[in-house]
Amino acid sequence: MQYVIYESAKEIGDAAGKIFVNVVKQKSDAAIGFATGATPLPTYSYMISEYEKGNVSFKGITTFNLDEYCDIPKDHKSSFYAFMVDNLFSKIDVKPENINFLDGNASNSEAESRRYADAISKAGGIDIQFLGIGRNGHIGFNEPAEAFTDESFKVKLTDSTIEANSVYFSDIAMPRYAITMGIGSIMKARKIVFVATGESKAEAVRDMIKGEVTPKCPASVLQRHGDVTIFLDKAAASLL
Ligand code: GLP
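As the structure is a computational prediction, the values presented were derived from the model and not from experiment.

Caption draft 1: Representation of the environment of valine 228. Relative to the elements of secondary structure, valine 228 occurs in strand E10 (residues 228-233). Sequence spacing of valine 228 and alanine 178 is 50 residues, and the spatial spacing of their C-alpha atoms is 25 Å. Contacts of valine 228, omitting those with residues within four sequence positions, involve Ile192, Phe194 and Leu222.

Caption draft 2: Expanded view of the sheet that holds strand E4 (residues 67-69). A sheet is described by the order of its strands in space; here three strands give the open sequence E4-E8-E7, paired in antiparallel fashion. Strands with a single pairing partner mark the edges of an open sheet, and in this sheet they are E4 and strand E7 (153-156). Across the sheet, the axes of successive neighbouring strands diverge by a mean angle of 25 degrees, strand direction being ignored. Relative to strand E8 (residues 177-180), E4 is paired through three bridges, and the arrangement is antiparallel. Its bridge partner being in E8, aspartate 67 is matched across the sheet by threonine 180.

Caption draft 3: The nonpolar core, seen in detail. Of all hydrophobic cores here, the largest spans 75 residues; its most connected members are Leu88, Phe194 and Met208. Broken down by element, the residue count for this core peaks at eight residues, all from helix H1 (residues 9-26). With residues near it in sequence (within four places) discarded, methionine 208 still touches Met1, Ile133, Phe194, Cys217, Ala219, Ser220, Leu222, Gln223 and Ile230.

Caption draft 4: Spotlight on the pairing of E8. The sheet contact formed by E7 and E8 spans four bridges and is antiparallel. Counted as the bridge partner of lysine 154 is isoleucine 179 from E8.

Caption draft 5: Structural detail: the layout of surface pockets. Of the voids in this model, the largest pocket is the one considered here, and its volume is about 650 Å³. What lines the largest pocket is a set of 33 residues, among which Thr36, Gly37, Ala38, Asn165 and Tyr168 lie closest to the centre. A class-by-class count of the residues in the lining of the largest pocket yields twelve nonpolar, 16 polar and five charged. Its boundaries defined by the atoms lining it, the second largest pocket holds a volume of some 150 Å³. If you trace the second largest pocket, you find it lined by Ala117, Ile120, Ser121, Gly125, Ile126, Glu151, Met181, Ser185, Lys188 and Ala189. If one sorts the elements of the lining of the second largest pocket by residue count, helix H4 (residues 109-122) sits on top with three residues. Across the lining of the second largest pocket, the residue classes tally to five nonpolar, three polar and two charged.

Caption draft 6: Representation of the site of the ligand. Contacts to the ligand come from 14 residues, most closely from Ala38, Thr39, Asp67, Asn165 and Lys201. For the ligand, an oxygen atom lies 3.4 Å from a polar atom in the side chain of histidine 138. The side chain of lysine 201 places a nitrogen or oxygen atom 2.6 Å from an oxygen atom of the ligand. The protein chains hide 90% of the 400 Å² of surface that the ligand would expose on its own. Its atoms largely coinciding with the cavity grid, the ligand occupies the largest pocket.

Caption draft 7: Representation of the environment of lysine 156 within the structure. Here lysine 156 lies in strand E7. The exposure class assigned to lysine 156 is exposed, which follows from its relative accessible area of 52%. Once the C-alpha coordinates of lysine 156 and isoleucine 179 are considered, the two residues, 23 residues apart in sequence, prove to be 8.9 Å apart. Setting aside residues no more than four positions away along its own chain, lysine 156 makes contact with Glu143, Arg176 and Tyr177.

Caption draft 8: Layout of unusual backbone geometry. A positive phi angle, near 70 degrees, is found at aspartate 71, a position not held by glycine. Here aspartate 71 lies in the loop between E4 and helix H3 (80-87). The exposed category is assigned to aspartate 71, whose relative accessible area is 57%.

Caption draft 9: Representation of the packing of H1 against helix H2 (residues 41-52). Two elements in contact, H1 and H2, have axes whose closest approach is 7 Å; the angle formed by their N-to-C orientations is 55 degrees. The orientation of H1 relative to H2 falls into the category oblique. Crossing angle aside, the handedness with which H1 passes H2 is right-handed. Listed contacts from H2 to Ala9, Lys10, Gly13, Asp14, Ala16, Gly17, Lys18, Phe20 and Val21 of H1 are Pro42, Thr43, Tyr46, Met47 and Glu50.

Conventions used here
- Residues numbered from 1 in each chain as written.
- Predicted model: local features only at pLDDT ≥ 70, side-chain atom pairs only at ≥ 80, totals over all residues.
- Heavy atoms only, no water.
- Helix = DSSP H or I, 4+ residues; strand = E, 2+ residues; numbered from the N terminus.
- Contact = heavy atoms within 4.5 Å.
- Pairing = 2+ DSSP bridges.
- Axes fitted to C-alpha atoms, helices over the stretch in contact; angles between N-to-C directions.
- Core = buried A, V, L, I, M, F, W, Y, C linked by side-chain atoms within 4.5 Å.
- Buried < 20%, exposed > 50% of the residue type's maximum accessible area, 1.4 Å probe, protein only.
- 1 Å grid on protein atoms, 1.4 Å probe; cavity = no way out; pocket = protein on both sides within 12 Å on 5 of 7 lines; lining within 4 Å.
- Points joined across faces, edges and corners; volume = space filled by probe spheres on them.
- Nonpolar A, V, L, I, M, F, W, Y, C, P; charged D, E, K, R; others polar.
- Near = heavy atom within 4 Å.
- Polar contact = N/O pair within 3.5 Å; in protein donor to acceptor, adjacent residues only side chain to side chain.
- Areas by Shrake-Rupley, 256 points an atom, 1.4 Å probe, with all protein chains shown as cover.
- Sits in = over half its atoms within 2 Å of the grid points.
- Parallel < 35°, antiparallel > 145°, perpendicular 65-115°, else oblique.
- Left-handed = near helix turned anticlockwise from the far one by under 90°.

Right under this line is the structure:
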């Protein structure tokens, strides 16, 4: 797999952000897959600054987020929905009715998975997907497993993920379950922009790029995708 190493997260954000902006300039009604976490923030800042400068409009796009926690209200401050509104959606001209999320409180997660897959195909499939990586190699919330997953599903989070993400929960305990797009749905995106920064990601990045393709490192499946752009900082690339 090819990858590019940058000095700083800000430079990566500018480079990754440019790819998203160019997709939207070429296709104003693009379907975009977004991710949460600290990693995408510089990319989102770049997209916001291009919007503020009048260089791009997002009013035609449709968005699909990768995942959401179960058992917390959609608008709780630690939900991924709230994260996206705070860090991107409220700062650009995306139409609220074009924002799509998996419902972490759906009573029937299989029906919810079908609803999401239908919405994605109605939008023409995802044109470009942002991906970060968990310390254990997860993408979305596809935790290390015995087999690759297909469409969206409800997942029990691992201890490693609970430890890493607990910092985002101050008033309530972090949920133990989430609903996530499966590996099959992620792999259908036409283009993937993958970003990893920081030393805590170095092992997962090494396994993803140099290791065998295995569901024990879910991100390794990206070796089989034909259009992935990988941006790393020196710390994340330190074991390559
Ligand atoms: C999560 C998300 C992933 C994300 C990962 C890393 O919990 N489900 O989509 O890539 O954690 O997050 P961070 O970028 O904060 O390290």
